[in-house]
Amino acid sequence: MIPAILGGEPVRTKPLPYARQLIDEEDCQAVDEVLKSAFLTTGPKAGEFERVIAAYVGSSYAVSFSSGTAALHGACYAAGIMKGDEVITTPMTFAASSNCILYMGGTPVFADIDPETFNIDPEEIAKKITKKTKAIIPVDFTGQTVDIDAIKEQVKGTDIIIIEDSAHGLGTKYKGTRVGSLSDMTMFSFHPVKTITSGEGGMITTNNKEYYRKMVNFRSHCITRAPEQLIDKENGKWYYEMLDLGFNYRLTDFQAALGISQFKKIDKFISRRKEIVAKYNEAFKNLDGVILQKNADFSDTTNHLYVVKLDLPKLKVDRRQIFDAFMAENIGVFVHYIPVYWHPYYQQLGYKKGLCPKAEELYNCMLTVPLFPAMSDDDVHDVIEGFYKIIGYYRK
Ligand SMILES: *Cc1c(COP(=O)(O)O)cnc(C)c1O
């Protein structure tokens, strides 16, 4: 078959995105109820959403934020990151995992990835630890957990704080335990493409009461009315104090209501993702020209993203042509991610290309395949057909 980009018939007539949310009537009703209630911004629903997520992941505390990015900022604040501190993270992530370090005046230090699992490599972390290392922000890329025990082993006997960016990993298990209480703090995102959505939204889970208190203040201007926190305790009931420089990062109650309603369906969402991934794995495992991501034994992943490597020397074209060929078939592939320090802003800060060769090599040949719970079996079939058509054509 001739790919559509070369004049053949496309596999699909209707474009398929790489991801999209699944909202039902129940979700709409949940939001509607809050819109008609007394609270629009952070109120009882935000608290309920926090309790639901904390119970699910087995953490003592959860703090909701207006986005996952704001949540990461809050975690970096609670960790006390400041100018002069180094924080180690992966380049194979969304820019927010690293930007949050810059927000606090810290210095991001990039450690290279494992070329098979695509996650930050604990051995590479070890090479980057210095006296200035304040924290590590590992990312559960595609939903697969990092090797948390191996990372903890590297920081044993130090005060280095682990903030796990699990924007992709709500529901994922590490050695049988759900991600969310294994690191000092864990971040989840509720952006529409993530496991469940609240429109925009994020959360930090932690077992540390001190971090919890700091984040609760931080997301609301660091303004407090709590008697035990006030400097001037002799004032009237209107009185409040701003104790530090905070932000307005509150999640609204109608977003929280959407999050709670979505959460009721998380098992269904995850099992549908697993079904689709099983079909992809079966179809692609022997497809010459495509290399699958390794799933580490310790990780039971929710499969946020399905990322493959293209065997470009074999296909004798570059990723751009393969990407464009899929788009011409109306199959919405994508690329996650451009190494963070390749972005012009980071280049201006002095980061040089070549810093993490394994991440850069992966970037050059990777492709994200459509995966979301609302995909029909026909959609899945179209994607597989597209792969056989395009990869088969260029492999010849
Ligand atoms: C989505 C995402 C974020 C940011 O979350 P938002 O809710 O979009 O702000 C951070 N890190 C990773 C890896 C993400 O995928």
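Everything quoted here is computed from the prediction, not taken from an experiment. (Residues numbered from 1 in each chain as written. Predicted model: local features only at pLDDT ≥ 70, side-chain atom pairs only at ≥ 80, totals over all residues. Heavy atoms only, no water.)

## Topic: the overall build of the protein chain
Tallying secondary structure elements over the protein chain gives 14 helices and 15 strands in all. The C-alpha atoms of the protein chain give a radius of gyration of 22 Å, which matches the 21 Å a tight globule of 396 residues would have. Considered along the principal axes of its C-alpha atoms, the protein chain spans approximately 80 × 55 × 40 Å. Counting all 396 residues of the protein chain, 56% fall into the buried class. Restricting to contacts in the protein chain with at least 6 residues of sequence separation, those with at least 24 account for 73%. Summed over all atoms, the accessible surface of the protein chain reaches about 17600 Å², with 53% contributed by carbon and sulfur. (Helix = DSSP H or I, 4+ residues; strand = E, 2+ residues; numbered from the N terminus. Rg over C-alpha atoms; globule rule 2.2 N^0.38 Å. Buried < 20%, exposed > 50% of the residue type's maximum accessible area, 1.4 Å probe, protein only. Contact = heavy atoms within 4.5 Å. Areas by Shrake-Rupley, 256 points an atom, 1.4 Å probe, with all protein chains shown as cover.)

## Things to note about the domain arrangement of the protein chain
One frequent convention defines the size of an interface as the accessible area lost when the parts assemble. As assigned here, the protein chain comprises domain 1 (25-263) and domain 2 (266-394). Inter-centroid distance (C-alpha atoms) of domain 1 to domain 2 is 27 Å. Contacts between the two partners involve 43 residues from domain 1, matched on the other side by 36 residues from domain 2. Regarding the contact of domain 1 and domain 2, the summed buried area is about 3400 Å², with carbon and sulfur atoms giving 62% of it. (Domains from an automatic or database assignment. Buried area = accessible area lost by both parts, 1.4 Å probe.)

## With respect to the site of the ligand
Taken together, 17 residues are adjacent to the ligand, and Gly-68, Thr-69, Asp-165, Ser-189 and Lys-194 come closest. In this structure, an oxygen atom belonging to the ligand sits 2.8 Å away from a main-chain N or O atom of Gly-68. Here an oxygen atom of the ligand sits 3.0 Å away from a polar atom, N or O, in the side chain of Lys-194. When the free accessible area of the ligand is taken as 380 Å², the share hidden by the protein chains comes to 93%. When contributions to the shell around the ligand are tallied by element, the ones reaching two or more residues are α3 (68-78), α4 (96-103) and β8 (185-189). Of the residues that constitute the shell around the ligand, the class distribution is 6 nonpolar, 9 polar and 2 charged. (Near = heavy atom within 4 Å. Polar contact = N/O pair within 3.5 Å; in protein donor to acceptor, adjacent residues only side chain to side chain. Nonpolar A, V, L, I, M, F, W, Y, C, P; charged D, E, K, R; others polar.)

## Describing the side chain of Asp-112
Along the chain, Asp-112 falls in the loop between β3 (107-110) and α5 (122-128). A polar side-chain atom of Asp-112 sits 2.8 Å from the main-chain amide nitrogen of Lys-358. Setting aside chain neighbours within four positions, we find Asp-112 in contact with Ile-120, Asp-121, Glu-124, Cys-356, Pro-357, Lys-358 and Ala-359.

## Digging into helix α9 (residues 266-284)
Here α9 spans 27 Å end to end across 19 residues, near enough to the 27 Å set by a 1.5 Å rise per residue. For α9, the complete set of buried residues consists of Ile-266, Phe-269, Ile-270, Arg-272, Arg-273, Ile-276, Val-277, Tyr-280, Ala-283 and Phe-284. For α9, the buried positions fall inside an angular range of 160 degrees around the axis, keeping them on one side. Exposed side chains of α9 directed beyond 90 degrees from the buried face belong to Asp-267, Lys-268 and Glu-282. Buried residues along α9 sit against α2 (44-57), α8 (253-263), β12 (290-292), β14 (306-310), β15 (366-369) and α14 (377-395). (Expected span 1.5 Å × (residues − 1). Arc of directions from axis to C-beta.)

## Let's talk about the sheet that holds β14
Here we have 3 strands laid out as an open sheet, ordered β12-β14-β15, and antiparallel in their pairing. Single-partner strands in this sheet number two, and they are β12 and β15. Neighbouring strand axes in the sheet, compared pairwise and without regard to direction, differ in orientation by 40 degrees on average. Sheet topology places β14 next to β15; 4 bridges connect them, and they run antiparallel. Bridge pairing in β15 places Val-307 opposite Thr-368. Along the sheet, helix α11 (residues 319-328) makes contact with β14 and β15, crossing β15 at roughly 15 degrees. Where α14 meets the sheet, its contacts fall on β12, β14 and β15, and the angle it forms with β15 comes to roughly 150 degrees. (Pairing = 2+ DSSP bridges. Axes fitted to C-alpha atoms, helices over the stretch in contact; angles between N-to-C directions.)

## Quick look at the pattern of salt bridges
What the rule picks out here adds up to 22 salt bridges. For the salt bridge of Lys-294 with Glu-116, the shortest nitrogen-to-oxygen distance reads 4.0 Å. Highlighted residues: Lys-294 in the loop between β12 and β13 (299-300) and Glu-116 in the loop between β3 and α5, separated in sequence by 178 residues. Looking at Glu-116, the relative accessible area reads 47%, which means it is partly exposed. Connected via shared salt-bridge partners are Asp-24, Glu-26, Asp-27 and Lys-265. (Salt bridge = Lys/Arg side-chain N within 4 Å of Asp/Glu carboxyl O.)

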